[in-house]
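Breakdown of the fold
Each chain, written out:
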Amino acid sequence: RGLGDVYKRQLTTTVDADGVLNGHKSFITMADQAKQLIVIAKAGQSQDKPILKAVLLEQPDDGLKIEIMPSLPMVPDINHGQITFENSQGKVLAGDGYSDYSKRFRTLEDTHVFMAFTAMMLRKSVDLKLDPELVQECLILINALNSLQGFDKNQESWFCLLYTSPSPRDRQ
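Every chain begins its residue count from 1, and numbering advances along the sequence as written. A pLDDT threshold of at least 70 governs which residues receive local features in this predicted model, and a stricter bar of 80 or more applies before side-chain atom pairs are shown or counted, although totals over entire chains, interfaces and linings include all residues. Only hydrogens and water are set aside; all other atoms, that is, all heavy atoms of the structure, feed into the side-chain values.

**Details of helix H2 (residues 97-127)**
- With 31 residues, H2 ought to run about 45 Å at 1.5 Å a step, and its terminal C-alpha atoms sit 43 Å apart, in line with that.
- Across the chain, bend at a residue is computed as the angle between axes fitted to the seven residues ending at that point and the seven starting from it. Numbering of helices and strands runs from the N terminus, with a helix taken as a DSSP run of H or I at least four residues long and a strand as a DSSP run of E at least two residues long. A bend of about 30 degrees at Lys-103 is the largest found in H2.
- The set of residues buried in H2 consists of Gly-97, Tyr-98, Ser-102, Lys-103, Thr-107, Thr-111, Thr-118, Leu-122 and Ser-125.
- In protein, a polar contact means a hydrogen-donor-capable atom and an acceptor-capable atom, both N or O and within 3.5 Å, with residues adjacent in sequence counting only if both atoms are side-chain atoms; elsewhere, any N or O pair within 3.5 Å suffices. Between the side-chain oxygen of the N-cap and the backbone nitrogen of Tyr-98 there are 3.1 Å, and the N-cap of H2 in question is Asp-96. Multiplying one less than the number of residues by 1.5 Å gives the expected span of a helix. Residue burial is assigned from relative accessible area. The probe radius is 1.4 Å, only protein chains are included, and a residue is buried under 20% of its type maximum, exposed over 50%, and partly exposed in between.

See below:
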């Protein structure tokens, strides 16, 4: 069982065959500014595994309620929010919601968040004159993340590189 299986089982938002969404998403970047949302939702079960679909939702929608959350220290200028869907009408997109949409997006998003967090740590390390090794590790991580640009993001190896790279301290 991989991370995808856990993610699929935790998902509670549902969509019916007509594209009607019900449920809740707890962390949506720039939720109030998007004109369109792609929402991953459960569309049923197949052999004890959830079937996930991507649903295109236009804003505004009467069945959509957005609650803006407090800003995060590492990205204070980018808001995020929670969304509740109550019979929101969307369009079910072709393909598998997890492998064709969510996995790709989440991998890219994780890369950007990891880069932002590492850059914040680098800045704090320099500002507070912390251990030079920490500064060096931050620079190594930023360089490693930057080097991922050359990989095909549709390949499983890119996903594995991102999530299994050891830290410099682990190599000692």
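Now, onward.
**Points about the side chain of His-80**
- Relative to the helices and strands, His-80 resides in strand S6 (residues 80-89).
- Apart from residues lying up to four places away in sequence, His-80 is in contact with Phe-27, Ile-28, Thr-29, Met-30, Glu-67, Ile-68, Met-69, Pro-70, Ser-71 and Leu-72. Two residues qualify as a contact provided that any one of their heavy atoms is within 4.5 Å of a heavy atom in the partner residue.

**Quick word on the confidence of the model for the protein**
- This prediction gives the protein a mean pLDDT of 81; 81% of its residues lie at or above 70.
- No element of the protein has a lower mean pLDDT than helix H4 (residues 156-164), at 55, and none a higher one than strand S7 (residues 91-92), at 96. Per residue, pLDDT measures the predictor's confidence, with a range of 0 to 100.

**Things to note about the pairing of strand S2 (residues 20-29)**
- At least two DSSP bridges between two strands are required for those strands to pair. With two bridges connecting them, strand S1 (residues 14-15) and S2 associate as antiparallel partners. By the bridge assignment, Thr-14 is partnered in S2 with Asn-22.
- Hairpin connection, S1 to S2: the antiparallel pair is bridged by four residues, and Gly-19 has positive phi, about 90 degrees.
- Sheet analysis places S2 next to S6, joined by eight bridges and oriented antiparallel. The residue bridging Gly-23 from the neighbouring strand is Phe-85, located in S6.

**Here we look at the packing of H2 against helix H3 (residues 132-147)**
- All axes here are fitted lines through C-alpha atoms, helices being fitted over the stretch that makes contact, and every angle between N-to-C directions spans 0 to 180 degrees. One can describe the packing of H2 onto H3 by two numbers: an axis separation of 9 Å at closest approach and a directional angle of 155 degrees. As far as their axial angle goes, H3 and H2 are roughly antiparallel. Seen along the crossing, H2 lies across H3 with a hand that is left-handed. Facing Thr-111, Phe-114, Met-115, Thr-118, Ala-119, Met-121, Leu-122, Ser-125 and Val-126 of H2, the residues of H3 in contact are Leu-134, Val-135, Cys-138, Leu-139, Leu-141, Ile-142, Leu-145 and Asn-146.
- All amino acids are sorted into three groups, where Ala, Val, Leu, Ile, Met, Phe, Trp, Tyr, Cys and Pro are nonpolar, Asp, Glu, Lys and Arg are charged, and the leftover types, Gly among them, are polar. In the contact of H2 with H3, the residues fall into 13 nonpolar, four polar and no charged. In what follows, roughly perpendicular refers to angles from 65 to 115 degrees, roughly parallel to angles under 35, roughly antiparallel to angles over 145, and oblique to any angle outside these ranges. Each crossing is labelled by how the near helix is turned from the far one, with a counterclockwise turn of less than a right angle marking it left-handed and a clockwise turn marking it right-handed.

**A word on H3**
- With 16 residues, H3 should cover 22 Å at 1.5 Å per step; its first-to-last C-alpha distance of 23 Å lies within 8% of that length.
- Looking only at H3, the buried set comprises Val-135, Glu-137, Cys-138 and Leu-145. Taken down its axis, H3 places every buried residue within 160 degrees of arc, on the same side. The outward face of H3, more than 90 degrees from its buried face, is lined by the exposed residues Pro-132 and Asn-143. The directions from the helix axis to the C-beta atoms form the arc being described.

**Points about the environment of Asn-22**
- Here Asn-22 lies in strand S2.
- Those residues in contact with Asn-22 that sit more than four places away from it in its chain are Thr-12, Thr-13, Thr-14, Phe-85, Glu-86 and Asn-87.
- In this structure the side chain of Asn-22 is engaged in a polar contact, spanning 2.8 Å, whose partner is the backbone nitrogen of Asn-87.

**Details of the nonpolar core**
- Counting 12 residues, the largest nonpolar core consists of Val-15, Leu-21, Ile-28, Ala-31, Leu-37, Val-39, Ala-41, Val-55, Leu-57, Leu-64, Ile-83 and Phe-85.
- Where this core is concerned, the elements lending two or more residues are S2, strand S3 (36-46), strand S4 (49-58) and S6.
- No other element matches S3, which puts three residues into this core.
- Listed in part, the six residues of the second largest apolar core include Leu-11, Ile-40, Ala-54 and Tyr-98. Residues belong to one nonpolar core when they are buried, are Ala, Val, Leu, Ile, Met, Phe, Trp, Tyr or Cys, and are joined through side-chain atoms within 4.5 Å.

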